[in-house]
Amino acid sequence: MSKHKDTLIEVRDLSVHFPIKTRKLFKTEVQMLRAVDGVSFDIKRGETVGLVGESGSGKTTVGRAILRAIDPTDGEVIFHRKKKGGIDLAHASEAELRKVRSKLNMAFGESGGGIKVHNLADDLLRAFRPEMSLVFQDPYSSLNPRMTVRDIIAEPLIASGKYKNREKVDARVREIAARCKLNLEHLRRFPHAFSGGQRQRICIARALVSKPKFVVCDESVSALDVSIQAEIVNLLKDLQEETGVSFLFIAHDLSVVAQMSHRVAVLYVGKLVEYAPTEKLFFAPKHPYTHALLSAIPSADPDAGFDPIRLQGEIPNPLAAPSGCRFHTRCPFARDRCSAEQPEWREIEPDHFVACHYAKEFNFSRS
Amino acid sequence: MSKMLSVENLSISFRTDEGVITPVKGVSFTVEKGRTLGLVGESGSGKSISTKALMQLLPGTARLGAASRMIYTAKDGQQISLGNLRHGSKELRRIRGGEIGMIFQEPMASFSPVYTIGNQMMEAIMLHRGLKKREARQFAIGMLNKVGISNAAARVDQYPHELSGGMRQRAMIALTLSAGPALLIADEPTTALDVTIQAQVLDLMRDLQRELGMGMIFITHDLGVIAQIADDVAVMYLGTIVERGPAKEVIRNPQHPYTQGLLDAIPSLDHLHDRLKPVPGDIPSPTARPGGCPFHTRCTQAIAGTCEVHEPPETSAIPGCAVRCWLHTSQGRSAA
Ligand SMILES: Nc1ncnc2c1ncn2[C@@H]1O[C@H](COP(=O)(O)OP(=O)(O)OP(=O)(O)O)[C@@H](O)[C@H]1O
Ligand SMILES: Nc1ncnc2c1ncn2[C@@H]1O[C@H](COP(=O)(O)OP(=O)(O)OP(=O)(O)O)[C@@H](O)[C@H]1O
Ligand code: SF4
Ligand SMILES: [Mg+2]
Ligand SMILES: [Mg+2]
């Protein structure tokens, strides 16, 4: 049972490991890359959870594993339905998944591809997988070049079976396209004729068209100019208000994440290091990595000083993740205990989770 | 300071089902050795295609306007008219990569999915730096290290799809920089990177620029990044440059209503609970480009009877800055 009756997604000890072949002089070795390693958090109905962290820390992998676009190695992903109760997506059969898929969606910045894959049978899915990873966060290769934008946006709607006749589909497509600031005259065009930002909006429209309950937005607003970005952020918030949809919002632009999210989780080399309500995380972080990350936000004010904490030491190799606290190799505050003992994931204040031995001693408050 | 690239009056049209559209109209800019020009502006305003035109990378449906001039001064001092290079010519191949390097907005455009990252980098390194295979491999690993990819010796043998979005972007930066370009065009090179690695990559680009006098065109939507890296900035709206000048000056003291709107739309950590403020109004359809000032349909300060009728000339009130807006002309001021 989840703690709150309003929990929508409950992620428990989620792990995703990839086998990696490495060339060693004369032989090839297979090692396990622990892209995601024992991640737990929950998302409430109508809530936006931001997911941030270093490039390669496993954000996209978490998003895809929740939606079962890839199979988790371990752990549970409970999708709580109001009437029918919880279903563990991590272990659900393809037939069971099919029933809930139209309620879950991914607006990969990379998009389309992911959503399309959700409508495929498992074996097809597997065959598709290599191609899917090619479309990561990339609105270019993910949109089918032979489909018009209207058909691309309409596809999940038709697949959901909710809309039967063409006029109704068209009306809904035009409605969501207009709200995503797409030019309606463009619906007949093919995706190659669009700029990066325009494609990103096509991806967002496609993810939202069937009114899902849960959407993973992976770098969905990163290629947009700040004005359109502001418009899309306002749109996502309005839609959330209207329909109660929940978002997992993955982005590198921390100011946008702060604007969008109720709570924010920070991932470092496959493990969560901090999870807290937005204001606490941004203004009173407890983990040294979060602190370093926040210091590196470039300000558009040319007179504001910019002096990011330059983390010393190598970015860890996920094939051989550091012992103890995974951040100890770069943490300015690390002590002996940090390399020996893995810090516990604990709630140090209500709703404020952190994995650091000395979190209680730090005061990183920013005004 | 010496000018390495001069673009004058660049216009680009496409044949489409809805007729001919002209998404870039009369764009002029220059890039100097060792300096960075930041290109910002509306999504779809023509930033990517303007720079692709330099390398003849536009699709067959594209046409350059007759008055377009793109003059590049090569490493050996030779002046080359980029618009006259023929597709598939030896000269164009020499320019691409070795003289002008491009980091593409679409990360997969530079990598083939069927070869490892290392093979693709080594090919470029052998071609442009004349290294042998073994040295090229070492050079590639060194370059991957420099862009912050850990365990580069193993990553070099992986395929593009096995890397995360940001790693792929960094591998692409490493690939482009390996060829040692004199002019680097970077189209949204850091959007997939977290801010700490972004800071590291920007440092690397600045270092190379200082060492080699590399000129740079840096396209981004992040005005924070512009404030960090660009010497000059040009702001584009609907295919024209509406304002340009030293980056810090333009950001501190924007003159054009569009630039002002863009700066107002930036999300700020200090105002978490305020609704974001986009530029009001809808982006016009490319088939119906507004007459007069292209921004007049969304401008809150438009001068009726002037802005929707006549295209504003470029004026310069502040030295080094230029703006296209009737508010900054004597005619406009007297009409207002
Ligand atoms: N299909 C795959 N095969 C092998 N390794 C993979 C695969 N997909 C992801 N990985 C690895 O898993 C790790 C996490 O990748 P992921 O794409 O989730 O990172 P991310 O946090 O989304 O990064 P970014 O911010 O750069 O997009 C990386 O080390 C990546 O190389
Ligand atoms: N092949 C094409 N056929 C027709 N129109 C095109 C084609 N390629 C680009 N365009 C149009 O040209 C305009 C400029 O595109 P471009 O990719 O340069 O925009 P951009 O400024 O780079 O935008 P973004 O910031 O979103 O990447 C867009 O409106 C786009 O629709
Ligand atoms: S010329 Fe007129 S419409 Fe255009 S930006 Fe200036 S005031 Fe606004
Ligand atoms: Mg990712
Ligand atoms: Mg672009």
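The shown structure was predicted, so the numbers you read here are calculated from the model rather than taken from an experiment.

Each helix and strand in chain A was counted, giving 12 helices and 12 strands. Considering chain A as a whole, with its 367 residues, one finds that 61% of them fall into the buried category. Long-range contacts, defined as pairs at least 24 residues apart, comprise 63% of the intrachain contacts of chain A with a sequence gap of at least 6. Counting only carbon and sulfur atoms, one obtains 51% of the accessible surface of chain A, whose full area is about 14,900 Å².

Here we come to the overall build of chain B. Within chain B one finds 11 helices and 13 strands. The globule rule puts the C-alpha radius of gyration for 336 residues at 20 Å, and the 21 Å found for chain B is close to it. Along the longest, intermediate and shortest principal axes, the C-alpha atoms of chain B span 70 × 50 × 45 Å. Buried positions account for 58% of the 336 residues belonging to chain B. Counted over contacts in chain B with a minimum sequence separation of 6, partners at least 24 positions apart contribute 61%. Here chain B has roughly 13,600 Å² of accessible surface; of this, 50% comes from carbon and sulfur atoms.

Let's shift gears to the domain arrangement of chain B. When its domains are assigned, chain B resolves into domain 1 (114–179) and domain 2 (253–335). Put simply, the middle of domain 1 of chain B and the middle of domain 2 of chain B, counted by C-alpha atoms, are 43 Å apart.

The next point concerns the confidence of the model for chain B. In the predicted model, chain B carries a mean pLDDT of 90, and 98% of its residues have values of at least 70. By mean pLDDT, the top-scoring element of chain B is strand 10 (residues 232–237) of chain B (97), and the lowest-scoring one is helix 11 (residues 330–335) of chain B (77).

Conventions used here
As a convention, each chain's residues are numbered from 1 in the sequence order in which they are written. Just so you know, chain letters begin at A and ligand numbers begin at 1, following the order they were written in. The model is predicted, so local features are restricted to residues of pLDDT at least 70 and side-chain atom pairs to those at 80 or more, both for listing and for counting; the totals for chains, interfaces and linings are taken over all residues. Each side-chain value is derived from all of the structure's non-hydrogen atoms; neither hydrogens nor water enter the calculation. Strands here are runs of E lasting at least two residues and helices are runs of H or I lasting at least four, both read from the DSSP assignment and numbered beginning at the N terminus. The cut-offs for exposure are 20% and 50% of the maximum accessible area for each residue type, with area from a 1.4 Å probe on protein chains only; residues under the lower value are buried, those over the upper are exposed, and the others partly exposed. Contact between two residues is taken to exist if any of their heavy atoms lie within 4.5 Å; hydrogens are not considered. Accessible areas in this description were obtained via Shrake-Rupley with a 1.4 Å probe; residue shielding takes into account the shown protein chains only. Atoms counted for the radius of gyration: C-alpha only. Globule rule: 2.2 Å times residue count to the power 0.38. Residue ranges for the domains trace back to a domain assignment, done automatically or taken from a database. Scored between 0 and 100, pLDDT is the confidence that the predictor attaches to each residue.

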